[in-house]
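# Coordinate analysis (summary)
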Protein chains: 2
Amino acid sequence: MKLHWSPRSPFVRKVAILLLETGLDAQVERVRSVAAIAVPNPALMRDNPLSQIPALVLDDGQVLYDSPVICEYLDGLHGGAGFFPPAGAARWTALRRQALADGMLAILLLWRQERMKDAGRRLPEWLAAFATKIDACLARLEDEAAALARDGFDIGHVSVGCMLSYLDYRFPDLDWRAAHPALAGWHAGFAQRPSVLATVPDDAQA
Amino acid sequence: MKLHWSPRSPFVRKVAILLLETGLDAQVERVRSVAAIAVPNPALMRDNPLSQIPALVLDDGQVLYDSPVICEYLDGLHGGAGFFPPAGAARWTALRRQALADGMLAILLLWRQERMKDAGRRLPEWLAAFATKIDACLARLEDEAAALARDGFDIGHVSVGCMLSYLDYRFPDLDWRAAHPALAGWHAGFAQRPSVLATVPDDAQA
């Protein structure tokens, strides 16, 4: 299998963590691919016409994306504890948490783009809306932190953890821990997992 | 169940089509909810802090989002033919097609936002990048149109159909049919399904 990859994408990090947690890491060849909202990448688009990462090329040539699809596919390739619970309440909780964290990441990526624009092109109402939504999502996760800690470690946990680590990486000014102590406590444990330590974003890499 | 809903959202339309196709439509109470990128909706955010639709409130109070999660949940509630194939090649094809169509819709929503900005705030390189990516995705779907027609009707078909109908609704100037005759042929059949005819975007509704 071939994975279009970047050391800084939070969506790629979900896949990278799953590969390490499931022992599948050595089966994947990595290709460094740059995905940027304003710069289509023709080499990447031959596999994923959306020009987004992660994208996983299977040995039969089929290409899978986006990160929830890749993660669920990989979860079917190993014999250990599953990251996608079978149908039932646990599955919907895990998938809803993944959708919440991935949805927050989509907002955060747009927010970062907006911050990087020249001041004259920035939309103050967009910046305010992003902040309001992320605040509300963090408050919801704070309410859910005890349940997160109780529920083991599935794709919901991987997604929420990667999203919080992305806040640390790209939005340290938000200081998300200050108002969310229970969530910060859960994340402290997440951050110590070997799979998480091995996938810290690396600005030194190309 | 309660569905946060709009008559114009292409992601809501996926859910609305699934409800009709599976006979579950009468079990859902609809709440008209406005989701806009720059205007957080506090009433909606009590159920989905991302302020996005669709969001489905279950009878036990749990809330599901986004559209892939809601559609898969609903698909488990009926006894007819499934829209989410079980694990195996058909599942990954269906989920990859859903991710392609949903990813295109995410680009199209941003593209539409960019078009609606004052000229001085528009980013020409973003507009060009959106066009390049959507062209590449449509070309990929054109190559896949014969397979789409052969593979029956699953969540991949629902998603691709809703995305193409959204192009008709919001981007008629792209004239996507001109360069994609096989895809246009497939879509002509999609557009005649009763569930699709019953969910045509309605500008007259509030």
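Residues numbered from 1 in each chain as written. Chains lettered and ligands numbered in written order. Predicted model: local features only at pLDDT ≥ 70, side-chain atom pairs only at ≥ 80, totals over all residues. Heavy atoms only, no water.

## A look at the nonpolar core
Our working rule: Only buried residues count toward a nonpolar core. Its members are Ala, Val, Leu, Ile, Met, Phe, Trp, Tyr and Cys residues joined through side-chain atoms within 4.5 Å. When a residue's accessible area, from a 1.4 Å probe over protein chains only, is under 20% of the maximum for its type it is buried; when over 50% it is exposed; and in between it is partly exposed. Contact definition: two residues touch when any of their heavy atoms are within 4.5 Å.
Core analysis: the biggest nonpolar cluster contains 134 residues, and L74 of chain A together with L74 and M163 of chain B have the highest contact counts within it. Discounting chain neighbours no more than four positions away, the residues touching L74 of chain B are M1, V15, L18, L19, L24 and L56 of chain B.

## Describing the interface of chain B and chain A
Applied cut-off: Once two parts are joined, some of their accessible surface, as seen by a 1.4 Å probe, is lost; buried area is that loss totalled over both. What counts as a salt bridge is simple: a side-chain nitrogen of Lys or Arg found within 4 Å of a carboxyl oxygen of Asp or Glu. Pairs of N or O atoms are called polar contacts if they sit within 3.5 Å, as long as, within protein, a hydrogen donor faces a hydrogen acceptor (for residues adjacent in sequence, only side-chain-to-side-chain pairs). Only runs of H or I of at least four residues qualify as helices and only runs of E of at least two qualify as strands under DSSP, and these elements are numbered from the N terminus.
Contacts between chain B and chain A engage 47 residues on the former and 47 residues on the latter. Summed over both sides, the interface of chain B with chain A buries roughly 4000 Å², with 66% coming from carbon and sulfur. Area buried by chain B at its contact with chain A is led by L50, W92 and R121 of chain B, which between them contribute 16% of it. With a closest N to O distance of 2.8 Å, R91 of chain B and E72 of chain A form a salt bridge. Inspection of the region where chain B meets chain A yields 18 residue pairs in polar contact (both at pLDDT 80 or more). Secondary structure elements with two or more residues in the side of chain B that touches chain A: β4 (63-64), α3 (67-75), α4 (89-116) and α5 (124-150) of chain B. Here the element with the most residues in the side of chain B that touches chain A is α4 of chain B; it accounts for 12 residues.

## Re the domain arrangement of chain A
Residue and element names in this part refer to chain A. Going by this rule: How far each domain reaches was decided by an automatic or database domain assignment. When residues are grouped by polarity, Ala, Val, Leu, Ile, Met, Phe, Trp, Tyr, Cys and Pro land in nonpolar, Asp, Glu, Lys and Arg in charged, and all others, Gly among them, in polar.
If you check the domain split of chain A, you get domain 1 (2-75) and domain 2 (89-197). Listed per partner, the contact involves 14 residues of domain 1 and 21 residues of domain 2. For the domain 1 and domain 2 pair, buried surface summed over both sides reaches about 1400 Å², with 67% attributable to carbon and sulfur atoms. Inspection of the domain 1/domain 2 interface yields 3 salt bridges. Between D102 and K14 there is a salt bridge, and its shortest N-O distance comes to 2.8 Å. Counting across the domain 1 and domain 2 interface gives 6 residue pairs in polar contact (both at pLDDT 80 or more). Looking at the side of domain 1 that touches domain 2, the elements that each hand over two or more residues are α1 (10-22) and α3 (67-75). With 8 residues, the top contributor of residues to the side of domain 1 that touches domain 2 is α1. Classifying every residue of the side of domain 1 that touches domain 2 by side-chain character gives 8 nonpolar, 1 polar and 5 charged.

## Details of the packing of aromatic side chains
Keep this limit in mind: Side-chain rings of Phe, Tyr and Trp (the six-membered ring for Trp) are treated as a pair once their centres are within 6.5 Å; stacked means planes under 30 degrees apart, edge-to-face means over 60, and tilted covers the remaining angles.
The tally for this structure, following the rule as stated, stands at 16 aromatic pairs over all chains. Relative to F190 of chain A, the ring of F153 of chain A has its centre 6.3 Å away and its plane inclined at 40 degrees; by these criteria the two rings are tilted. Of this pair, F153 of chain A sits in the loop between α5 (124-150) and α6 (155-170) while F190 of chain A sits in helix α7 (residues 181-190), and the two are 37 residues apart along the sequence. The residues F153 of chain A and F190 of chain A share a single accessibility class, namely buried. Ring geometry for W111 of chain B and F171 of chain B: centres 5.0 Å apart, planes at 45 degrees, overall tilted. Of this pair, W111 of chain B sits in helix α4 while F171 of chain B sits in the loop between α6 (155-170) and α7 (181-190), and the two are 60 residues apart along the sequence.

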